Amino acid sequence: MAYIDYYKILGLNRSASAEDIKKAYRKLARKLHPDLNPNDKDAQQRFQELNEANEVLSDPEKRAKYDKFGENWEHGEEYEKAQQQYRQQQQAWGDQQTGGRTFFTEGDFSEDDFSDFFRSMFGSGFSQRTQSHGTRKYKGGDYQAELHLTMRQAMQTHQQTIAVDGKNIRITIPAGVEDGQKIRLSGYGQQGVNGGPNGDLYITFLIDEDAKFKRLGDDLYMQLTINLYTAVLGGDVTVTTIDGQQLKMKVQPGTQPGTKARLKGKGFPVYKKDGQAGDLYVTLNVRIPENLTQREKELFTLLSNIGQ
Amino acid sequence: MDNKKLLYSECIKIYNVDEAFIDSLEDSGLVSISTDEYNERFIEVEELADLEQFMRWYYDLNINVEGIEALYHMLDRVKAMQEELDRLQNEIRFYKSL
């Protein structure tokens, strides 16, 4: 566990007054508060550090202890371990002597204060102080999560189970979610402070690309290769949509390569609009015959001559 | 939309917040408080997330109600711009993949 310079976090030196600390905290909190920096993990991390720094330095008792041990906090931890050992020994032996106390304590802090100091610096002490000093209920922090879906999964309303904080949550994903779209699940975030409501869980959907279909909003795009004869003479081709439907599509005689055909309502489902879907655009590519037989060559030559 | 409502007096009690603060948020149009036929005041449960956010800004960050109003509208714009950015990025990815 590395030493944390709380003064550095607040941009202050060790002689800073309580008022300086309050001002520096508020100034940085306004800059780094997660409410004002949505989706900024760096700001969130720095805000946590800032809160911890403020937790210690704004409390005269904790600050005094922090200043006293400073970078040598590890020795303090050794003291505490030794102290715990001592207490266990005292209990085991039923020893009524109290001389040990003066050996382990330095200055004027008690055993309990000493362990509180470390808890407050490195973890659970933060919430304890908040609970004992504050009476206002606060909503817990929000969680951010990402969920990968294939395009085919995203086009169907379906359920998925995700693990948050060791709990499995079953969520319904509506058809039509977009890449990068975020949904909020109320109450699935961190536990509230002082009995306040839980935070929320935000899930960002990341939709993987599909090999056959490209998506733009609610419309889908695909390529379909037709043979030269259908392109020249016209005819019917079969288009397989993303949900596996086989549709017959008419190709007009004289269709040029790159021609786009629209199949209305055969695209991606519109988010939270049951029964509505975008369109499917089919770009027609024309396959030029290769390895012609002698007969085919003769016929193409004949056509070529007619055309000239 | 969720039409669940919380009694205004309960809300004050739960959040241990000044009435004057919520009233000034209402005056600024940041929260809406409805009144029923018995003159009981209510806050929509849907609005509690925003209210909690305003409380954090007011009590933790020392931002006054005018500041909250400005911030709220700015964040709304940031959110809209973020959505627009996401949409445009999706479009770029689409055209690049062609």
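Criteria and thresholds
- Residues numbered from 1 in each chain as written.
- Chains lettered and ligands numbered in written order.
- Predicted model: local features only at pLDDT ≥ 70, side-chain atom pairs only at ≥ 80, totals over all residues.
- Heavy atoms only, no water.
- Helix = DSSP H or I, 4+ residues; strand = E, 2+ residues; numbered from the N terminus.
- Expected span 1.5 Å × (residues − 1).
- Buried < 20%, exposed > 50% of the residue type's maximum accessible area, 1.4 Å probe, protein only.
- Pairing = 2+ DSSP bridges.
- Axes fitted to C-alpha atoms, helices over the stretch in contact; angles between N-to-C directions.
- Salt bridge = Lys/Arg side-chain N within 4 Å of Asp/Glu carboxyl O.
- Core = buried A, V, L, I, M, F, W, Y, C linked by side-chain atoms within 4.5 Å.
- Contact = heavy atoms within 4.5 Å.
- Buried area = accessible area lost by both parts, 1.4 Å probe.
- Polar contact = N/O pair within 3.5 Å; in protein donor to acceptor, adjacent residues only side chain to side chain.
- Phe/Tyr/Trp six-rings, centres within 6.5 Å; stacked < 30°, edge-to-face > 60°.
- Lys NZ or Arg CZ within 6 Å of the ring centre and 35° of its normal.

### What to know about helix α2 (residues 18-32) of chain A
So, step 1. Its 15 residues give α2 of chain A an end-to-end C-alpha distance of 21 Å, which sits within 8% of 21 Å, the value for a rise of 1.5 Å per residue.
So, step 2. Ile21, Ala24, Tyr25, Arg26, Leu28, Ala29 and Leu32 of chain A are the residues of α2 of chain A that are buried.

### Looking at the sheet that holds strand β3 (residues 41-44) of chain B
Residue and element names in this part refer to chain B.
So, step 1. Judged by pairing direction, the sheet is antiparallel, and its three strands sit side by side in the order β1-β3-β2 without closing on themselves. If you trace the sheet from one side to the other, it starts and ends with β1 (5-7) and β2 (33-35), each paired once. Taken pair by pair, the neighbouring strands of this sheet meet at an average axis angle of 40 degrees, ignoring direction.
So, step 2. Examined bridge by bridge, β2 and β3 share three bridges and lie antiparallel to one another. Paired with Ile33 across the two strands is Ile43, which belongs to β3.

### So, the pattern of salt bridges
Residue and element names in this part refer to chain A.
So, step 1. Inspection of the entire model under this criterion finds 16 salt bridges over all chains.
So, step 2. Across the salt bridge formed by Arg152 and Asp210, the nearest N and O atoms sit 3.0 Å from each other. Remark: Asp210 occurs in the loop between β5 (201-207) and β6 (214-216) and Arg152 occurs in helix α9 (residues 151-154); sequence separation between them is 58 residues.
So, step 3. By relative accessible area, Arg152 is classed as partly exposed at 37%.
So, step 4. Between Asp200 and Arg184 there is a salt bridge whose closest N-O contact spans 2.9 Å. Highlighted residues: Asp200 in the loop between β4 (182-185) and β5 and Arg184 in strand β4, separated in sequence by 16 residues.

### Here we look at the nonpolar core
Soluble globular proteins tend to bury their nonpolar side chains together.
So, step 1. Membership of the largest hydrophobic core comes to 42 residues, with the highest contact counts inside it found for Leu10 of chain A together with Phe21, Ile22, Leu25 and Leu51 of chain B.
So, step 2. Mapped onto this core, the elements with two or more residues apiece are α1 (6-10), α2 and α3 (41-57) of chain A together with α1 (8-15), α2 (19-27), α3 (48-60) and α4 (65-97) of chain B.

### Looking at the interface of chain B and chain A
So, step 1. With 23 residues of chain B in contact, the opposing surface of chain A contributes 23 residues.
So, step 2. Carbon and sulfur atoms supply 53% of the area that chain B and chain A bury against each other, a total of about 2300 Å² over both sides.
So, step 3. Here chain B and chain A share two salt bridges between them.
So, step 4. Between Arg93 of chain B and Asp179 of chain A there is a salt bridge, with the nearest N and O atoms lying 2.3 Å from each other.
So, step 5. At the junction of chain B and chain A, the tally comes to six residue pairs in polar contact (both at pLDDT 80 or more).

### What about the packing of aromatic side chains?
Where two aromatic rings form a pair, the distance of their centres and the angle of their planes describe that pair.
So, step 1. A complete count under the given rule lists 10 aromatic pairs over all chains for this structure.
So, step 2. Where Phe54 of chain B meets Tyr72 of chain B, the ring centres are 5.3 Å apart and the plane angle is 75 degrees; that geometry is what we call edge-to-face. Residue Phe54 of chain B is found in helix α3, and its partner Tyr72 of chain B is found in helix α4; the two are separated by 18 residues along the sequence.
So, step 3. Grouping aromatic residues by their ring pairs yields a cluster made of Tyr221 and Tyr281 of chain A together with Phe94 and Tyr95 of chain B.
So, step 4. The ring of Tyr8 of chain B carries the charged tip of Arg41 of chain B above its face, separated from the ring centre by 4.3 Å.

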